[in-house]
Amino acid sequence: MSAVVYVPRDAAALSVGAEEVARTIAREAQARDVDITLKRNGSRGMCWLEPLVEVVVAGERYAYGPVEAHDIPGLFEADFLSNRPHPLQLGPTERIPYFASQQRLTFARVGVTEPTNLEDYLAHDGYQGLRNALSMSAADIVQDVTDSGLRGRGGAAFPTGIKWKTVLDTPAVQKYVTCNADEGDSGTFSDRMLMEGDPFALIEGMTIAGIAVGATKGFIYLRVEYPHAHRALTEAIEVAYRAGYLGSDILGKGRRFDLEVRLGAGAYICGEETSMLESLEGRRGEVRVRPPLPAVKGLFSQPTIVNNVISLASIPLILAKGAAYYRDYGVGRSRGTLPIQLAGNIKRGGLVERAFGLSLRELLYDYGGGSASGRPLRAVQIGGPLGAYVPASQFDVVIDYETLSGIGALLGHGGIVAFDDTVDMARMARYAMEFCAIESCGKCTPCRIGSTRGVEVIDRILYGVDRDQNVQLLEDLCDTMVEGSLCGLGGMAPFPVRSALRHFRDDFLKPPVR
Ligand SMILES: Cc1cc2nc3c(=O)[nH]c(=O)nc-3n(C[C@H](O)[C@H](O)[C@H](O)COP(=O)(O)O)c2cc1C
Ligand code: SF4
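Residues numbered from 1 in each chain as written. Chains lettered and ligands numbered in written order. Predicted model: local features only at pLDDT ≥ 70, side-chain atom pairs only at ≥ 80, totals over all residues. Heavy atoms only, no water.

Here's the deal with the overall build of the chain
(1) Moving on: From N to C terminus, the chain includes 23 helices and 16 strands.
(2) Moving on: For the chain, whose C-alpha radius of gyration is 24 Å, the value lies close to the compact-globule estimate of 24 Å for 514 residues.
(3) Moving on: With respect to the principal axes defined by its C-alpha atoms, the chain has extents near 75 × 60 × 40 Å.
(4) Moving on: Out of the 514 residues belonging to the chain, those deemed buried represent 58%. (Helix = DSSP H or I, 4+ residues; strand = E, 2+ residues; numbered from the N terminus. Rg over C-alpha atoms; globule rule 2.2 N^0.38 Å. Buried < 20%, exposed > 50% of the residue type's maximum accessible area, 1.4 Å probe, protein only.)

Laid out in structure tokens, this is it:
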């Protein structure tokens, strides 16, 4: 009987040699006349164990990792295909503590299935949500999404159902569903992993969205630096068309939905929704004044859903299992689960999907294992380059939208970047302002000019020039940017700066840099 071996084709695994590992396994099996079936899955999200090779024994998957090409002969010698002991042996994959304690709803299939294999998707509950949606009224689908409590996972946490209802209630001949897959935040990779590991989930979510609001056309605005996600999505879209899950007569029910991938323009601001729409229309990614909201006047001036990858990929499960099933996870107004991404100076970086309500400490130490350097963790930045720095004294904070906002932080897209005690937080604050200066679209003054002046003011503080006055000036400048910027880039760039000033003021007042 052919032994089944899984080697991920996810970019994180490929970046550490998964392709060579897969090739070597195939070559070694052939040389030894061993019959294997090599399958390429997404990542299980345990990045520090990549490339994570799995073998199926008696229906269960057993993990070995991190595997390098030169380990392969030894693995065959040890008979890893029968799960025999080897120094890289990790036991049953789903019983590895990091994985076993997760609540994988949106990522249920990622790392499990072959990403563009439709039969595999169907065998793992795929397209159940769409089948249900096709027998429901548009208003009922939207109501289910509203009742699930799902809030946008792209950053602003706006209730998805309410956005959909606006699109549904706005009359138009043509409406659109757009997926924001620009994923520009530092330390974030959940969109990429989902698109590479389970592209049908996104396609199904967008199709349901189209049926719910009466949109017949969808676009995925994909970060240009994601070639593997591009390949997976393109393949999966073709397969979905051929099998009747996309096109003019979805599953013979007379409903139309067409879907295309468009590559992004490579600027952080193109992830801001109105800038993304400009870019999709073929113009420079520059922010539009709101109102009107994209839900009323979006792509080509038509009512448009703009949702993040994870928001849309969570929809199939909600329609398959019901709003209550999803809503039962989470706390307060933060319902469901969040795929949290651990990055930076952390021992066990990767993706952890859990219901809202666990503590930051649990994430950093129980999952993350503390810093990679072995030194004490000093701070984390949550929510990308515009997120606040949270000091170690606040690591007991609970992860949900409201609690984080209560300490002046935000969850954003769920990326957490860790820093040990060697970090200079004044330099990090400078970096936040510099990032804003580089990435500003230039449309409004507080951001375009303010961020450049902000870098200069921080430099004066670091150089010891009129420190008290310049710290005050920096605080005033932050207020102006928050109050006066047109979009979240200029409006939130002060968050990391202010948090660094609040929690790590001594770093600004060290002996001057010369
Ligand atoms: C500067 C800036 C960059 C953004 N980048 C992204 C991004 O890369 N991906 C994303 O989904 N949302 C991004 N957003 C948020 C979007 O504007 C928008 O809120 C989101 O796509 C809506 O989808 P959701 O409701 O599903 O979260 C960004 C916002 C700002 C202000
Ligand atoms: S805040 Fe910055 S990025 Fe946003 S519209 Fe103004 S200039 Fe453009």
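Overview of helix α8 (residues 160–169)
(1) Moving on: Buried residues of α8: T160, G161, K163, W164 and V167, and no others. All buried residues of α8 fall inside an arc of 160° around its axis, so they share one side.
(2) Moving on: Buried residues in α8 make contact with α7 (138–148), α10 (199–213), α12 (273–280), β9 (304–308), α13 (309–313) and α14 (315–321). (Arc of directions from axis to C-beta. Contact = heavy atoms within 4.5 Å.)

Some points on the pattern of salt bridges
(1) Moving on: Considering all chains together, one arrives at 36 salt bridges under this definition.
(2) Moving on: Here E60 and R95 are joined by a salt bridge, their closest N and O atoms 2.9 Å apart. With E60 in strand β4 (residues 60–64) and R95 in the loop between β5 (89–92) and α4 (97–100), the pair connects residues that are 35 residues apart, well separated along the chain.
(3) Moving on: E60 gets classed as partly exposed once you look at its relative accessible area, which sits at 28%.
(4) Moving on: Look at R95 and you get exposed, because its relative accessible area is 57%.
(5) Moving on: In this structure, R262 and E260 form a salt bridge, with 2.9 Å as the shortest nitrogen-oxygen distance. (Salt bridge = Lys/Arg side-chain N within 4 Å of Asp/Glu carboxyl O.)

Examining the site of ligand 1
(1) Moving on: Ligand 1 sits among 21 residues. The nearest are G154, K163, N307, N308 and S311.
(2) Moving on: Note that an oxygen atom of ligand 1 is positioned 3.4 Å from one of the backbone N or O atoms of R153.
(3) Moving on: In this structure, G154 approaches ligand 1 through a main-chain N or O atom, which is 2.7 Å from an oxygen atom.
(4) Moving on: In isolation ligand 1 exposes 610 Å². Once the protein is present, 91% of that is buried.
(5) Moving on: At the level of elements, β9 and α21 (488–492) are the ones that each hand at least two residues to the shell around ligand 1.
(6) Moving on: If you tally residues by element for the shell around ligand 1, the top one is β9, at three residues.
(7) Moving on: Taken together, the residues that form the shell around ligand 1 break down as five nonpolar, ten polar and six charged. (Near = heavy atom within 4 Å. Polar contact = N/O pair within 3.5 Å; in protein donor to acceptor, adjacent residues only side chain to side chain. Areas by Shrake-Rupley, 256 points an atom, 1.4 Å probe, with all protein chains shown as cover. Nonpolar A, V, L, I, M, F, W, Y, C, P; charged D, E, K, R; others polar.)

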